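# Inside the fold
Chain by chain, the residues run as shown.
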Amino acid sequence: MRTLVLDQGYQPHRIVSWEKAVTMLYVGKADLVEHYDDEIRSTSMTMFMPAVVRLTRGLKYRKKSIKFSRLNVMMRDGFSCQYCGTEMKMRDLTYDHVLPRARGGKTTWTNIVTACRDCNEQKADRTPKEAGMPLLKKPIKPLWLPTGSFHVDDLRLPETWRNWVSWAA
Ligand SMILES: [Zn+2]
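Each chain has its residues counted from 1, following the order in which its sequence is written. Local features in this predicted model are restricted to residues of pLDDT 70 or higher, and side-chain atom pairs are both shown and tallied only at a pLDDT of 80 or more, whereas totals for entire chains, interfaces and linings draw on every residue. Note that the side-chain values use all heavy atoms of the structure and ignore hydrogens as well as water.

### Considerations on the overall build of the protein chain
We count it as follows: Per the convention used, a helix needs a DSSP run of H or I reaching at least four residues, while a strand needs a run of E reaching at least two, with both numbered from the N terminus. Think of it in three bands: with a 1.4 Å probe and only protein chains considered, a residue is buried below 20% of the maximum accessible area for its type, exposed above 50%, and partly exposed in between. Note on contacts: a residue pair is in contact if any heavy atoms of the two residues lie within 4.5 Å. Computed with a 1.4 Å probe, the accessible areas rest on the Shrake-Rupley method; for each residue, only the protein chains presented here act as cover.
The helix and strand inventory of the protein chain stands at five helices and six strands. Classification of the 169 residues of the protein chain by burial places 39% in the buried group. Pairs at least 24 residues apart make up 58% of the contacts formed inside the protein chain by residues separated by at least 6 positions. By element, 52% of the accessible surface of the protein chain is carried by carbon and sulfur atoms, the whole surface being about 10,700 Å².

Right, dumping it as structure tokens:
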């Protein structure tokens, strides 16, 4: 049995063994959100096996922990072109410097967006304004990645987790 750990914003954070989750509950690091029907019995106590717990404290370090990478930029943008909105497979997407590199544009969260090849080619070395291609949304440095990026595909998903994890069908 495994336990899903949510961060304070109820976003999936990680998966731990139920033993680890019990320890987290015991020392006050986490609150119980959902439990399995199975009971844990010891000489001193009886409790339900934790299915989903939520961290009691914020994860400040997570802000730093999301690496700037091609994959993470595409996850932030939902694998869709930020100019025309088309959703595509990763291999069909490119990334675009909003302010072109030749004009001093940096390779950062706020200047790189996901773009399809057609839009990338059409925009070329121009700003969105010059190209008449407004961005669908302003690129930001995300505090966390969408829950879809949370890998659960290799797990049999317990019923009690379903409200908390979204995954591709
Ligand atoms: Zn496009």
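Moving on, there is more to tell.
### Things to note about the coordination of the zinc ion
Spelled out, the test is: Any N, O or S atom lying within 2.8 Å of the metal counts as a donor, with the limit raised to 3.2 Å for Na, K and Ca; because water is left out of the atom set, some sites can appear incomplete. Angular criteria define each label, namely tetrahedral for four donors with all angles between 85 and 135 degrees, square planar for four and octahedral for six donors with opposite donors over 155 degrees apart and remaining angles between 65 and 115, and irregular for whatever fails these tests.
Protein ligation of the zinc ion involves C81 (SG), C84 (SG), C116 (SG) and C119 (SG), the donor distances falling in the range 2.3 Å. Classification of the site at the zinc ion as tetrahedral follows from its four donor atoms and the range of 102 to 117° in their angles at the metal. Given a relative accessible area of 41%, C84 falls into the partly exposed group. Given a relative accessible area of 4%, C116 falls into the buried group.

### Some words on the packing of aromatic side chains
Stated precisely, the cut-off is as follows: Aromatic rings from Phe, Tyr and Trp, taking only the six-membered ring of Trp, are treated as a pair when their centres fall within 6.5 Å; an angle between ring planes under 30 degrees marks them as stacked, one over 60 as edge-to-face, and anything in between as tilted.
Tallying each qualifying case throughout the model produces one aromatic pair. With a centroid separation of 5.4 Å and 75° between ring planes, the pair formed by F68 and W109 is classed as edge-to-face. With a gap of 41 residues between them, F68 in the loop between helix 2 (62-65) and helix 3 (70-76) and W109 in the loop between strand 5 (93-97) and strand 6 (112-116) connect regions that are remote in the sequence. Note on W109: relative accessible area 7%, which makes it buried.

### Here we look at the environment of K20
Looking at where K20 falls in the secondary structure, it is placed in helix 1 (residues 18-26). By relative accessible area, K20 is classed as partly exposed at 37%. Sequence spacing of K20 and T3 is 17 residues, and the spatial spacing of their C-alpha atoms is 8.5 Å.

### Re the sheet that holds strand 2 (residues 12-17)
Note the following rule: The criterion for strand pairing is that DSSP finds at least two bridges linking the strands in question. Axes, fitted as lines to C-alpha atoms, cover a helix only where it is in contact. Angles between the N-to-C directions of the axes lie from 0 to 180 degrees.
Strand order across the open sheet formed by four strands is 2-1-4-3, with mixed pairing between neighbours. Each end of this open sheet is capped by a strand with a single partner; those strands are strand 2 and strand 3 (30-41). When strand polarity is set aside, the average angle formed by the axes of neighbouring strands in this sheet is 30°. Relative to strand 2, strand 1 (residues 2-6) runs antiparallel, the two being bridged by five bridges. Within strand 2, the position partnered with L6 by the bridge is P12.

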